[in-house]
2 protein chains.
Amino acid sequence: MSILRRNTDYALRAMVNLAGHYGGDVVATRQLSTEEDISYQYAAKIMQLLHAAGLVKSTMGPHGGFSLARPPAEVSLLDIIKAVQGAISLNDCFLDVDACPRRSTCVISAKIAGLQEYIEKSLAGITLAEFATDSMSEQIKLGKEK
Amino acid sequence: MSILRRNTDYALRAMVNLAGHYGGDVVATRQLSTEEDISYQYAAKIMQLLHAAGLVKSTMGPHGGFSLARPPAEVSLLDIIKAVQGAISLNDCFLDVDACPRRSTCVISAKIAGLQEYIEKSLAGITLAEFATDSMSEQIKLGKEK
DNA sequence: GTCATATAGGAGTACTATAGTCCTACTCGG
DNA sequence: CCGAGTAGGACTATAGTACTCCTATATGAC
């Protein structure tokens, strides 16, 4: 099993795509779906989630579409993950205090709390700006493998 | 959603319990199930998984039960997690190379690969020995909260 | 105004994985 | 060699995820 769901993967790709168009035109869901290999219907669903979370702005009507609500440098991976699949937690007891009655004396929870914190900080530290510049430079020096 | 499944949580508790009895008597599944608040049938199932992974030794017949196959210091959290729920992966593409055709040019996968590695190293670094000594000292100075 | 094209969003389905149960087979102490 | 107590395999139910379908709403072009 993987931590990031496919949902989140799609959302990530869509956001990276939008980051590439930041400051320019809006991108329609149809275009996102073809460019990122996501079914149109499902892509629409995901864009709704991102919109509800305030990560993207939407423009309705013909020539409408989506654009980033904030500059790429201010959108972290954690933001996107939270919007789509909710907060990531090592164990249930970090999400719901009442999940486990043994919590107060639990040595396990105490040990992994540090790792939990590190993961969140790492994900919060990676922003869309890094992805965007990377993929741009990749487009320039085309042919470079991996 | 949490990364560690309930399954894994049960297994962790059972292993910590066994670590407390390391060198002494074997512990019966019935005893583990009552002490750790797990249904007997389900506990038996989890012990099977741990046994199949070679983490515990089993003794059948009356007065039988389980004991650690290795000293607590040589059993890591990662070992237990792998035995019960398989390897932890941030994204499917770390588990299955063919999961994503865009892999070679994927900037996302490249970015999170480092975090993936850190998580595994962290989990591999935490051993049962730490839990065992912690819970023992906790039993001695009883009354200490959290 | 109305038509075409876009997002918004609710309802529902198929599938998969997880949690949990039941039953049988096997051991070994008495 | 009996039976209490174990391991271990087969099975079921539930829940969550991925995905689709359909309808409503907004808006720019003609």
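Nothing here was measured: the structure is a model prediction, and the numbers come from that model.

Points about the overall build of chain A
Along chain A, the regular secondary structure elements total seven helices and two strands. Residue burial in chain A is summarised as follows: out of 146 residues, 42% are buried. Here chain A has roughly 7,700 Å² of accessible surface; of this, 53% comes from carbon and sulfur atoms.

Some details on the pairing of strand E2 (residues 65-68) of chain A
Two elements, strand E1 (residues 56-59) of chain A and E2 of chain A, share four bridges in a ladder whose sense is antiparallel. In the strand pairing of E2 of chain A, Thr-59 of chain A is matched with Gly-65 of chain A.

Regarding the environment of Met-60 of chain B
You can see Met-60 of chain B is positioned in the loop between strand E1 (56-59) and strand E2 (65-68). Remark: the alpha-carbon pair of Met-60 of chain B and Ala-28 of chain B, spanning 32 residues in sequence, is separated by 9.6 Å.

Brief notes about the protein's contact with DNA strand C
The environment of DNA strand C is formed by 26 residues, the closest being Thr-29, Lys-45, Gln-48 and Ser-58 of chain A together with Arg-5 of chain B. Each atom of DNA strand C within 4 Å of the protein was assigned to sugar, phosphate or base; sugar and phosphate come to 59%. Contacts to DNA strand C include Arg-5 of chain B, whose side-chain N or O atom sits 2.8 Å from a phosphate oxygen. For DNA strand C, a phosphate oxygen lies 3.1 Å from a polar atom in the side chain of Ser-39 of chain B. Elements supplying a minimum of two residues to the surface near DNA strand C: helix H3 (40-52), E1 and E2 of chain A together with helix H1 (6-20) and helix H3 (40-52) of chain B. Broken down by element, the surface near DNA strand C gets its largest block of residues, four residues, from H3 of chain A.

A closer look at the confidence of the model for chain A
Atom-level detail of predicted coordinates should not be read off regions where pLDDT is low. Across chain A, the average pLDDT comes to 84, with 82% of residues at 70 or higher. Averaged pLDDT values for the elements of chain A fall to 60 in helix H7 (residues 128-140) of chain A and rise to 95 in H3 of chain A.

Thoughts on the protein's contact with DNA strand D
Within the structure, DNA strand D sits among 18 residues, and Ser-39 and Pro-62 of chain A together with Thr-29, Gln-48 and Phe-66 of chain B are positioned closest to it. Counting only the atoms of DNA strand D within 4 Å of the protein, the fraction contributed by sugar and phosphate is 56%. Between DNA strand D and the protein, one listed contact pairs a phosphate oxygen with a side-chain N or O atom of Asn-7 of chain A at 3.5 Å. One of the side-chain N or O atoms of Gln-41 of chain A is found 3.4 Å from a base nitrogen in DNA strand D.

With respect to the side chain of Thr-127 of chain B
In this structure, Thr-127 of chain B sits in the loop between helix H6 (107-125) and helix H7 (128-140). Ignoring anything within four residues of it in the chain, the contact list for Thr-127 of chain B reads Pro-72, Ala-73, Val-75 and Ser-76 of chain B.

Focus: the packing of helix H6 (residues 107-125) of chain A against H6 of chain B
At a minimum axis separation of 11 Å, H6 of chain A and H6 of chain B run at an interaxial angle of 175°. Considering their axes alone, H6 of chain A and H6 of chain B lie roughly antiparallel with respect to each other. Contacts from Leu-115, Tyr-118, Ile-119, Ser-122 and Leu-123 of chain A of H6 of chain A reach H6 of chain B at Leu-115, Tyr-118, Ile-119, Ser-122 and Leu-123 of chain B.

Rules used throughout
- Residues numbered from 1 in each chain as written.
- Chains lettered and ligands numbered in written order.
- Predicted model: local features only at pLDDT ≥ 70, side-chain atom pairs only at ≥ 80, totals over all residues.
- Heavy atoms only, no water.
- Helix = DSSP H or I, 4+ residues; strand = E, 2+ residues; numbered from the N terminus.
- Buried < 20%, exposed > 50% of the residue type's maximum accessible area, 1.4 Å probe, protein only.
- Areas by Shrake-Rupley, 256 points an atom, 1.4 Å probe, with all protein chains shown as cover.
- Pairing = 2+ DSSP bridges.
- Near = heavy atom within 4 Å.
- Polar contact = N/O pair within 3.5 Å; in protein donor to acceptor, adjacent residues only side chain to side chain.
- pLDDT = per-residue confidence, 0-100.
- Contact = heavy atoms within 4.5 Å.
- Axes fitted to C-alpha atoms, helices over the stretch in contact; angles between N-to-C directions.
- Parallel < 35°, antiparallel > 145°, perpendicular 65-115°, else oblique.

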